[in-house]
Amino acid sequence: MLPKFDRHTLLFSANSFAAAMLALYIGFALGLPRPYWAMTTAYIVSQPLAGAVRSKAVYRVLGTILGAMAAVALVPNLVNAPWLLSLALALWVGGCLTISLLDRTPRSYVLMLAGYTAAIIGFPSVSQPGAIFDVAVSRVIEIGLGILCATLTHSLVFPRPVGTVLRLRLKTWLGEADRWALDVLRGEDAQAIARDRRHLAAAASEIQMLAVHLPFDTSRLRETTGVVRALHERMLLLIPLLSGLADRMQALREVRDDRVRATLNTVVAWVEAGSPRDEGLDLIERLQDLAARRRGAGWDSLLIESLLVRLSEAVRALAEGHALLVRLYDPDAPLSPGLEATTRAKGLRPMHADLPLALLSGGAAAIAILLSCAAWILAGWGDGAAAPVMAAVFCCFFAAMDDPVPAIKNFGLFSLVSLPLAAVYMFAILPAIDGFPMLLLAMAPPLLLLGLYIPNPATMGAALAVLMGFCNALALQETFSADFAGFLNGNLGQFVGLLFAIMVTAGLRSMGVDASARRLLVRTWRGLARLARARQAPEPAAFAAILVDRLGMLTPKLAQAGERHDFVGVDALRDLRVGMNLVAVQTARPDLPPEGKDQLDAALDGVGDHFAALAAGQSRKPGEDLLARVDAALRSLSIAPAASAAQGVSGLVGLRRNLFPEAPAFVPEIAR
């Protein structure tokens, strides 16, 4: 696949090459033992967006220092007990990897780097334990030099700011949310409303990832981190709100009430006008007032009331979202005092984390390292330190994937492809050149070409594998020596480590798309069961953050799994709606009259039992008993005061619609 040779791609390749050569030149000038590490690190750190380079640079430096400290602490004290040293380093790598996988933001680089940096420094130093401190310092300097050169180059030479890309993504996202809302409110046909909106969840997670880099950005937009955070919260809420609106409109089929229909048309006109916030506040009051006036015991009345309550919440989220977007483009744009306060809140919303899977990944890395160490020690292999080093690197690089084995194999394959090119350079080209300018000209063709493929996610892995294999095989140092036997023996270790990484990962860690999707579904169902059985509501945006994040991860997996028997009837977006309805019900519960709480608690316990059964692999279809409990709770709440019960009624209507979409209409009175 040919890369897109646009301006950004060409500039990235040129900047990365300049950073790598600058790092190599300074490494030569300082007399560092392995200056090629600085060159390779410059490429590893380089990113198309300047803010991403700067943030990862900070995390990588911290991780490198932490890993070097671990190697200095372990190697001298355990060098006389090679098996114990191997175990200690393996556990260090596995533990760091486990913790890093629980944080899916760029911050995870700190511990991931700390893990395999200790292996990179520690294992080759066992033959000279007395020099471990000097080796660790040299590695930190070499890696830090590569990071510094990449950071300076990408930040100073035509930088591409994160803020510019992020602002465009946010504007596009809100535009798609507006179109979704218009489709719903205009009563478009089922196919139009059912168009795949799940990519909005994936985009919301991607935007959160980009926002992590914003404080390190080169543009003035780094000062708007709080605005981006507040806007992201509105995005998280809009996905279930608009999905719930679509469900209510589908259930009603046609809104016959003239006042309600006129109000919906007003909302349509408001969205088409750009969702101005001042007019949105008037709309919210109008919708809430109309919802209170529509209170009735009939099913259509309850559906309309629920529609109006959800619509008022969606209008608020859209209005605030557009106001925050205006602030991103105009720092002087005014915000309401409440909205201004939300921009000063600290911290991004939580994301999905899987502790059992993280522990399994860390354990697989530790076992692969131990097996590589066993081959090294038992064979008396002088250059065998590369085997556990590469086992650690391979297991860490690809641990976040469902099935890392294909990626590890591809990385190893492209690393192998790089060896003939490295051999040509080492034994034919490099001996014929003299001086750094000639070296720079000789290195330019392959490195500039490979750099064109790094910005493209589809080719990035292969390009980095070839580039890293090429640079490490050359092992450029101040004095050049071409030893063919040493060249082969030195590169053999990485393929031994590759073999053990593949074997252990395939046996312990790999899972297919079905198993991965099922894990996410089970985690979601368990969370819904806990929420239903609780007697207090979580903060809506925080709860939505995790569910939306899982939805973004789950949707492509379900699409890849296809119409398999295990996933027939699975609707991840419906589960998200159920979760937000449960939040609404639990939020309203404390203000309900005592006679309504008992019926509501019985219904919530039934919902909890249903999702607990789903998580345990039992029947997915909710029973008639649960429908009776939900209807009983609806009868109790539909006669409660509107002010205290509106959220609860809306949430129960949503639960009934999502759990029993084909059930007969709700009957407000039981025939006697």
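Source: prediction; values computed, not measured. (Residues numbered from 1 in each chain as written. Predicted model: local features only at pLDDT ≥ 70, side-chain atom pairs only at ≥ 80, totals over all residues. Heavy atoms only, no water.)

> When you look at the overall build of the chain in this model, what are you seeing that I'm missing?
Check the secondary structure of the chain and you find 26 helices and zero strands. Counting only residues that meet the buried cut, the chain has 56% of its 672 residues in that class. Summarising the internal contacts of the chain: among those between residues at least 6 apart in sequence, 80% fall at separations of at least 24. Of the roughly 28,300 Å² of accessible surface on the chain, a fraction of 61% belongs to carbon and sulfur atoms. (Helix = DSSP H or I, 4+ residues; strand = E, 2+ residues; numbered from the N terminus. Buried < 20%, exposed > 50% of the residue type's maximum accessible area, 1.4 Å probe, protein only. Contact = heavy atoms within 4.5 Å. Areas by Shrake-Rupley, 256 points an atom, 1.4 Å probe, with all protein chains shown as cover.)

> Mind showing me how you'd approach the packing of aromatic side chains here?
Tallied over the full model, the rule gives nine aromatic pairs. When the centroid spacing of 6.2 Å and the interplanar angle of 80° are considered together, the rings of Phe-397 and Phe-411 count as edge-to-face. With Phe-397 in helix H16 (residues 386-397) and Phe-411 in helix H17 (residues 404-429), this pair connects stretches of sequence that are 14 residues apart. Judged by relative accessible area, Phe-397 falls into the partly exposed class, the value being 30%. A residue is classified by how much of its surface remains accessible, and Phe-411, at 9% relative accessible area, is buried. Linked through ring pairs, Tyr-116, Phe-394, Phe-397, Phe-398 and Phe-411 together constitute an aromatic cluster. Sitting over the ring of Trp-37, Arg-139 keeps its end group 4.8 Å from the ring centre. (Phe/Tyr/Trp six-rings, centres within 6.5 Å; stacked < 30°, edge-to-face > 60°. Lys NZ or Arg CZ within 6 Å of the ring centre and 35° of its normal.)

> Would you explain the nonpolar core in this entry?
Within soluble globular proteins, side chains that are nonpolar generally end up buried alongside one another. Leu-170, Trp-173, Val-267, Leu-582, Phe-611 and Leu-652 are the most contacted members of the largest nonpolar core, which totals 111 residues. Residue contributions to this core peak at 17 residues, all from helix H13 (residues 299-329). Those residues within four positions of Leu-652 in sequence are excluded, and the remaining contacts are Val-585, Leu-600, Val-630, Ala-633, Leu-634 and Leu-637. Membership of the second largest hydrophobic core comes to 104 residues, among which are Leu-101, Ala-423, Phe-436 and Leu-467. (Core = buried A, V, L, I, M, F, W, Y, C linked by side-chain atoms within 4.5 Å.)

> How should the packing of helix H7 (residues 162-185) against helix H10 (residues 225-252) be read in this particular structure?
Pairs of packed helices are described in terms of their axes, by the angle between the two and the distance that separates them. It is at 10 Å that the axes of H7 and H10 come closest, and there the two elements cross at 20°. The angle between H7 and H10 places the two elements in the roughly parallel class. Seen from above, H7 lies across H10 with left-handed handedness. Of the residues in H10, those touching H7 at Leu-166, Leu-170, Trp-173, Leu-174, Ala-177, Trp-180, Ala-181, Val-184 and Leu-185 are Val-228, Leu-231, Met-235, Leu-238, Ile-239, Leu-242, Ser-243, Leu-245, Ala-246 and Met-249. Residues belonging to the contact of H7 with H10 are distributed by class as follows: 18 nonpolar, one polar and no charged. (Axes fitted to C-alpha atoms, helices over the stretch in contact; angles between N-to-C directions. Parallel < 35°, antiparallel > 145°, perpendicular 65-115°, else oblique. Left-handed = near helix turned anticlockwise from the far one by under 90°. Nonpolar A, V, L, I, M, F, W, Y, C, P; charged D, E, K, R; others polar.)

> So what exactly am I meant to see when it comes to a negative patch on the surface here?
Taken together, the side chains of Asp-278, Glu-279, Asp-282 and Glu-285 present a region of like negative charge at the surface. The topology assignment puts Asp-278 in helix H12 (residues 277-293). A relative accessible area of 61% places Asp-278 in the exposed class. (Patch = residues over 30% accessible without salt bridge, like charges linked within 9 Å, V, L, I, M, F, W, Y side chains within 5 Å. Salt bridge = Lys/Arg side-chain N within 4 Å of Asp/Glu carboxyl O. Lys, Arg positive; Asp, Glu negative; His and termini not counted. Charge placed at Lys NZ, Arg CZ, Asp CG, Glu CD.)

> Would you take a moment to explain H12 for this structure?
Three or four residues apart is the spacing at which side chains of an α-helix point the same way, because the helix has 3.6 residues per turn. The end-to-end C-alpha distance of H12 is 24 Å, a good match for the 24 Å that 17 residues give at a rise of 1.5 Å each. Burial in H12 covers these residues: Arg-277, Gly-280, Leu-283, Ile-284, Leu-287, Leu-290 and Ala-291. For H12, the angular spread of the buried residues around the axis is 140°, confining them to a single face. Of the exposed residues in H12, those oriented more than 90 degrees away from the buried face are Asp-278, Asp-282, Glu-285 and Arg-293. Looking at the packing, one finds that the buried side of H12 touches helix H11 (258-272), H13 and helix H14 (337-342). (Expected span 1.5 Å × (residues − 1). Arc of directions from axis to C-beta.)

> What's the story with the pattern of salt bridges in this structure? I'm lost.
A side chain with one charge may pair with a side chain of the opposite charge, provided their charged atoms come close. Under the defined criterion, the tally for this structure stands at 17 salt bridges. Its salt-bridge partner being Arg-186, residue Glu-272 comes within 2.2 Å of it at the nearest N-O pair. A residue pair is termed long-range when its members are at least 10 positions apart, and Glu-272 in helix H11 and Arg-186 in the loop between H7 and helix H8 (190-193) qualify at 86 residues. Between Asp-354 and Arg-519 there is a salt bridge; the shortest N-O distance is 2.8 Å. Placement of the pair is Asp-354 in the loop between H14 and helix H15 (355-379) and Arg-519 in helix H21 (residues 513-533), with a sequence separation of 165 residues. Since its relative accessible area comes to 11%, Asp-354 is described here as buried. Here Arg-519 falls in the partly exposed class, since its relative accessible area comes to 29%. Members of the salt-bridge network, linked through shared partners, are Arg-535, Arg-589, Asp-601 and Asp-605.

> I keep staring at unusual backbone geometry and nothing clicks. Help me out?
A negative phi angle is the norm for most residues apart from glycine, just as the trans form is the norm for most peptide bonds. Despite not being glycine, Phe-158 has its phi angle at roughly 45°, a positive value. Within the secondary structure, Phe-158 is located in the loop between helix H6 (132-156) and H7. Look at Phe-158 and you get exposed, because its relative accessible area is 65%. In this structure, Ser-275 is a non-glycine residue whose phi angle is positive, near 55°. Position of Ser-275 among the secondary structure elements: in the loop between H11 and H12.

> Explanation requested: empty space enclosed by the protein in the structure shown.
Any empty space left between atoms is shown by rolling a water-sized probe over those atoms. Under the counting rule described, the total for this entry stands at five cavities of 30 Å³ or more. The calculated volume of the largest cavity comes to roughly 70 Å³. Considering the residues around the largest cavity, the lining is formed by Leu-521, Thr-524, Leu-547, Arg-550, Leu-551, Leu-554, Ala-572, Asp-575 and Leu-576. Residue assignment for the lining of the largest cavity shows that the elements contributing at least two residues are H21, helix H22 (540-561) and helix H23 (572-588). Split into classes, the residues belonging to the lining of the largest cavity amount to six nonpolar, one polar and two charged. (1 Å grid on protein atoms, 1.4 Å probe; cavity = no way out; pocket = protein on both sides within 12 Å on 5 of 7 lines; lining within 4 Å. Points joined across faces, edges and corners; volume = space filled by probe spheres on them.)

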